[in-house]
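# Coordinates in review
Residues per chain, in single letters:
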Amino acid sequence: MALLHPSRRALLVGGGAGIGLLIAWQLWPRRYRPNLQAGPGESVLDAFLKIGADGRVTVIVPQVEMGQGVYTSLPQILADALGARWEDVGVEPAPLGPLYANTLLAAEGTSGDLARWWAAERAERGSLVATAGSTSVRAWAEPLQEAGATARALLCMAAAARWDADWRACEADSGFVSFGERRLPFGELAADAAGFEPPAEVPPRAPAAERLVGRPLPRLDAPSKVRGEARFAADVRLPGMVFAAARGSRTPNGRMVAGDRAAARAIPGVLRLVERPGWVAAVAADTWSAQRALDALAPRWSSDAPLPTAEVDRRLAAALAGDDGRRFYQAGDADAALAGRHFAADYAVAPSPHRTLEPLAATARFDGDRLEVWAPTQAQGLARAAAARAAGLPEDRVTIYPALVGGQCGRKMATDAVEQAAALAVELGRPVQLQWTRSEDARRDRPRAPARAKLLAALAEGGRLAAWRARIAGPEMSDDAAPPYAIPAVAMDHVAVDLP
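Residues numbered from 1 in each chain as written. Predicted model: local features only at pLDDT ≥ 70, side-chain atom pairs only at ≥ 80, totals over all residues. Heavy atoms only, no water.

The next subject is the overall build of the protein chain. Helix and strand content of the protein chain: 13 helices and 25 strands. On the principal axes, the C-alpha backbone points of the protein chain span a range of 80 × 75 × 45 Å. Each of the 500 residues in the protein chain was classed as buried or not, and the buried ones make up 47%. Intrachain contacts of the protein chain at a sequence separation of at least 6 include 72% that bridge at least 24 residues. Total accessible area computed for the protein chain in this model is approximately 24,400 Å², and 53% of it derives from carbon and sulfur atoms. Both charge centroids of the protein chain, one from 58 positive and one from 57 negative side chains, sit 5 Å from each other. (Helix = DSSP H or I, 4+ residues; strand = E, 2+ residues; numbered from the N terminus. Buried < 20%, exposed > 50% of the residue type's maximum accessible area, 1.4 Å probe, protein only. Contact = heavy atoms within 4.5 Å. Areas by Shrake-Rupley, 256 points an atom, 1.4 Å probe, with all protein chains shown as cover. Lys, Arg positive; Asp, Glu negative; His and termini not counted. Charge placed at Lys NZ, Arg CZ, Asp CG, Glu CD.)

Next up, the structure:
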């Protein structure tokens, strides 16, 4: 069967004094079965591919489309290895599962083979399906190439069985498998191909084959967006659905200390006010009425004042000027190289807001047993866990449908709207669509952290960099922040600063 994919095997890590540490997983599944649903006439050939009897090639994409083009670039990689026609290719978001875990994202920021391996293992076991860190093509190019090539081999096997030929002599190109003058379309072969075992080795495509990689192909998500047919989380419509707006404190458990509840309930169309720790929502017959109700409520919160910018700057400057800190990366002797003539400069980065095109939104439906949530999320697993917590349900009774995302930069890692929509759907017992306003999204944004840095550099003969040192003050610093340049001597220091 072509339905099983191997997970990572054991890793032999060299230890001190030549001792090897063997890490093995005897009790954990070594192979995972794709959890895909085949539609009428479709055959699942791989965790990343379904082919219909009509020749439709559906690529399963484990990354969310946020405008960065992964609904085109990733299918392009698989379709090229498969030998498909671009006109036949469609996209489907991957379900939550270990085969779609972004292990590269999990391993980045760790140092050492064992740490990277363990981070990747945890990501796979925990089904970390996430889109972040510019990892989409880096993480999935090779798996998608392998999936496309393996499916091509299976199609050739199915055709060769009908022709009593050697499958290795068959070619797949432009949606057909051919052998001499004979040829059959992918759609006619897909059901048979799904029953073959994948070969140990797959020959490359013929050099003269029509290639898709490297060509400026039409984006698969563009037509529906241009026509206004693309469905975002706020476009979902369900029978009996009501609409909600929410306001919250800047701190997670802020308490509403003032608000005109009577004025909010007096707005026509308002059905209910729902108050929870840290937020309040108005539920109405339409989004506009819900937002008007919150305007009338005008909630004030017990702890809602952000740390003044001047105080943030003072803390960063004091930390940078102090003696604390840790050296997390070093190559060569940068301190010695910088003892003589060098250049120095101070830099400051302000808190960076997201300001994405689409404010947070979510649609939720609870039937008394299961919860469904449509949400623009960069991490399905995080969204499912958040929805389950808010609804008081086990995670296996929550389904997340990842919607198209209107802008990213990490903003859609936030699960606030998912939690609110889930809680409202459970409390009201009917589908709820929650849409944050632009002002609410900006006010409750979690900006990228500010930082200050002192950078020093020394030049070698000819103007090349001989040494480089960075001392960075800020609340967080990844250990993979070393510069990717061929500098003989580098030192990286981080001073941790406590900021809200």
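Okay, helix α12 (residues 416-428) next. The end-to-end C-alpha distance of α12 is 18 Å, a good match for the 18 Å that 13 residues give at a rise of 1.5 Å each. Judged by how many residues are buried, α12 sits mostly within the fold: 10 of 13 residues are covered. Those residues of α12 that sit buried are D416, A417, V418, Q420, A421, A422, A423, L424, A425 and L428. Within two residues after α12, G429 carries a phi angle of roughly 70 degrees, on the positive side. (Expected span 1.5 Å × (residues − 1).)

What follows deals with the side chain of T72. Among the structural elements, T72 can be located in helix α1 (residues 70-82). Those residues within four positions of T72 in sequence are excluded, and the remaining contacts are W86, P218, R219, L220 and D221.

This paragraph deals with the packing of aromatic side chains. Going through the model one piece at a time under the given rule, you end up with 5 aromatic pairs. With a centroid separation of 6.5 Å and 45 degrees between ring planes, the pair formed by W117 and W118 is classed as tilted. Among the residues examined, W117 registers a relative accessible area of 10% and is labelled buried. Summarising the aromatic geometry, the rings of W374 and Y401 are spaced 4.8 Å apart at their centres and angled 35 degrees between planes, so their arrangement reads as tilted. Of the two residues, W374 sits in strand β20 (residues 371-375) while Y401 sits in strand β21 (residues 398-402), which places them 27 residues apart along the sequence. A residue is classified by how much of its surface remains accessible, and W374, at 10% relative accessible area, is buried. Taken together, the aromatic side chains of F48, Y100 and W140 make up a single cluster linked through ring pairs. Seen from the ring of F176, R183 lies directly overhead, with NZ or CZ sitting 3.9 Å from the centre. Note that R292 overlies the ring of W288, its terminal NZ or CZ placed 4.8 Å from the centroid. (Phe/Tyr/Trp six-rings, centres within 6.5 Å; stacked < 30°, edge-to-face > 60°. Lys NZ or Arg CZ within 6 Å of the ring centre and 35° of its normal.)

So, about unusual backbone geometry. Glycine aside, a negative phi is what most residues show, and trans is what most peptide bonds show. Positive phi, close to 50 degrees, is recorded for S134, a residue that is not glycine. Tracing the backbone through its elements, the reader meets S134 in the loop between α3 (113-125) and α4 (136-163). On the basis of relative accessibility, which here comes to 69%, the residue S134 falls in the exposed class. Its identity is not glycine, yet S174 carries a phi of approximately 55 degrees, on the positive side. Here S174 lies in the loop between β9 (171-173) and β10 (176-179).

What follows is about the pattern of salt bridges. Tallied over the full model, the rule gives 36 salt bridges. With its nearest N and O atoms 2.7 Å apart, the salt bridge here joins R469 to D335. Of the two residues, R469 is situated in strand β24 (residues 465-474) and D335 in helix α10 (residues 334-337); the sequence distance between them amounts to 134 residues. The exposure class assigned to D335 is partly exposed, which follows from its relative accessible area of 33%. The partner of R365 in a salt bridge is E372, and the shortest N-O contact between them spans 2.9 Å. Salt bridges linked by common partners bring D416, E440, R443, R444 and R446 together as one network. (Salt bridge = Lys/Arg side-chain N within 4 Å of Asp/Glu carboxyl O.)

Let us look at the pairing of strand β5 (residues 42-46). With respect to burial, β5 is a largely interior element, 4 of its 5 residues being buried. Direction of pairing for β5 relative to strand β6 (residues 49-52): antiparallel, over a ladder of 4 bridges. Residue pairing across strands places D46 opposite L49, the latter belonging to β6. Adjacent in sequence and paired antiparallel, β5 and β6 are bridged by 2 residues. (Pairing = 2+ DSSP bridges.)

Attention now goes to the confidence of the model for the protein chain. With 92% of its residues at a pLDDT of at least 70, the protein chain reaches an overall mean of 88. Per-residue pLDDT stays below 50 along residues 1-27; that stretch engages in 61 contacts with residues further than four places along the chain or on separate chains. (pLDDT = per-residue confidence, 0-100.)

The subject of this paragraph is the environment of A262. Relative to the helices and strands, A262 is located in helix α7 (residues 261-265). A262 sits 227 residues away from A489 along the chain, and the two C-alpha atoms are 67 Å apart.

Turning our eyes to something else, we now look at α3. Relative to the 18 Å expected for 13 residues at 1.5 Å per residue, α3 spans 18 Å between its end C-alpha atoms, a close match to the ideal helical length. For α3, every residue scored as buried is listed here: W117, A119, A120, E121, A123 and E124. The first or second residue beyond α3 is S127, which carries a positive phi of 50 degrees.

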